[in-house]
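# Survey of secondary and tertiary structure
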Amino acid sequence: MSSSGNDPRQPSTAKPYKPQAVHPDNLPIDYSGFIAIIFGVAGVMFRYKLGSWLALIFCAQSLANMKNIETDLKQISTGFMFAIMGMVTNYLSPTRGAVKT
């Protein structure tokens with residue numbers, strides 16, 4: 001439909017897009033890592049099995065979406081440790097039962 005002579009674009013003035021560098025302190029919060037820590041603590045302290053499983057799932061999600069390896073790895077490892085401690089507390093410790101007399 002249009003010929004190349006009528007094209008108003010100028011390829012010589014086009015510049016490739018370069019994203020601005022973002023300092024690691026200015027990155028947005030990793031909500032899935034934060035939620036993993038919250039669920040992990042709930043799984044350990046309140047002995048919620050679902051909290052421990054959710055912490056493990058959110059740790060995996062945070063690991064998959066990691067943007068900064070230095071800061072995110074600390075948060076992921078903390079959440080993972082709480083998730084594992086919750087699993088051990090819930091599945092390997094003796095259950096709370098009725099007192100037998």
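Note that this is a predicted model, so its numbers are computed, not measured.

### Structural notes on a nonpolar patch on the surface
A grouping of Trp53, Phe80, Met81, Ile84, Met85, Val88, Tyr91 and Leu92 is seen on the molecular surface, where their side chains present a nonpolar patch of about 810 Å² in accessible area. A per-element tally of the nonpolar patch places helix α3 (residues 69–91) first, with 6 residues. Positionally, Phe80 belongs in helix α3. A relative accessible area of 37% means that Phe80 is categorised as partly exposed.

### A short note on the UniProt feature "transmembrane region" (unreviewed entry) in the chain
Here, the residues flagged by UniProt with the feature "transmembrane region" (unreviewed entry) are residues 34–64 and 76–93. With 90% helix and 0% strand, residues 34–64 has its two end C-alpha atoms placed 14 Å apart.

### Observations regarding the packing of helix α1 (residues 31–45) against helix α2 (residues 49–64)
Working note: a packed helix pair is described by the angle between its axes plus the distance between those axes. The contact between α1 and α2 brings their axes to 7 Å, and the two run at 160°. Here α1 lies roughly antiparallel to α2, going by the angle between them. Every pair of crossing elements has a handedness; the one defined by α1 and α2 is left-handed. Here Ser32, Gly33, Ile35, Ala36, Phe39, Gly40 and Gly43 of α1 come into contact with α2, specifically with Gly51, Ser52, Leu54, Ala55, Phe58, Cys59, Gln61 and Ser62.

### What about the side chain of Asn90?
Positionally, Asn90 belongs in helix α3. For Asn90, the side chain forms a polar contact with the main-chain oxygen of Tyr48, separated by 3.3 Å. Those residues in contact with Asn90 that lie beyond four places of it in its chain are Gly43, Arg47, Tyr48, Lys49 and Ser52.

### Comments concerning α2
In this model α2 runs 23 Å from its N-terminal to its C-terminal C-alpha over 16 residues, within 8% of the 22 Å that 1.5 Å per residue would give. Those residues of α2 not exposed but buried are Gly51, Ser52, Ala55, Cys59 and Ser62. Buried residues of α2 fall within an arc of 95° about the axis and therefore sit on the same side. Projecting away from the buried face of α2 at angles above 90 degrees are the exposed residues Leu50, Ile57 and Ala64.

Basis of the calculations
Residues numbered from 1 in each chain as written. Predicted model: local features only at pLDDT ≥ 70, side-chain atom pairs only at ≥ 80, totals over all residues. Heavy atoms only, no water. Patch = residues over 30% accessible without salt bridge, like charges linked within 9 Å, V, L, I, M, F, W, Y side chains within 5 Å. Areas by Shrake-Rupley, 256 points an atom, 1.4 Å probe, with all protein chains shown as cover. Salt bridge = Lys/Arg side-chain N within 4 Å of Asp/Glu carboxyl O. Helix = DSSP H or I, 4+ residues; strand = E, 2+ residues; numbered from the N terminus. Buried < 20%, exposed > 50% of the residue type's maximum accessible area, 1.4 Å probe, protein only. UniProt positions renumbered as here; feature names shortened; annotations may be inferred. Axes fitted to C-alpha atoms, helices over the stretch in contact; angles between N-to-C directions. Parallel < 35°, antiparallel > 145°, perpendicular 65-115°, else oblique. Left-handed = near helix turned anticlockwise from the far one by under 90°. Contact = heavy atoms within 4.5 Å. Polar contact = N/O pair within 3.5 Å; in protein donor to acceptor, adjacent residues only side chain to side chain. Expected span 1.5 Å × (residues − 1). Arc of directions from axis to C-beta.

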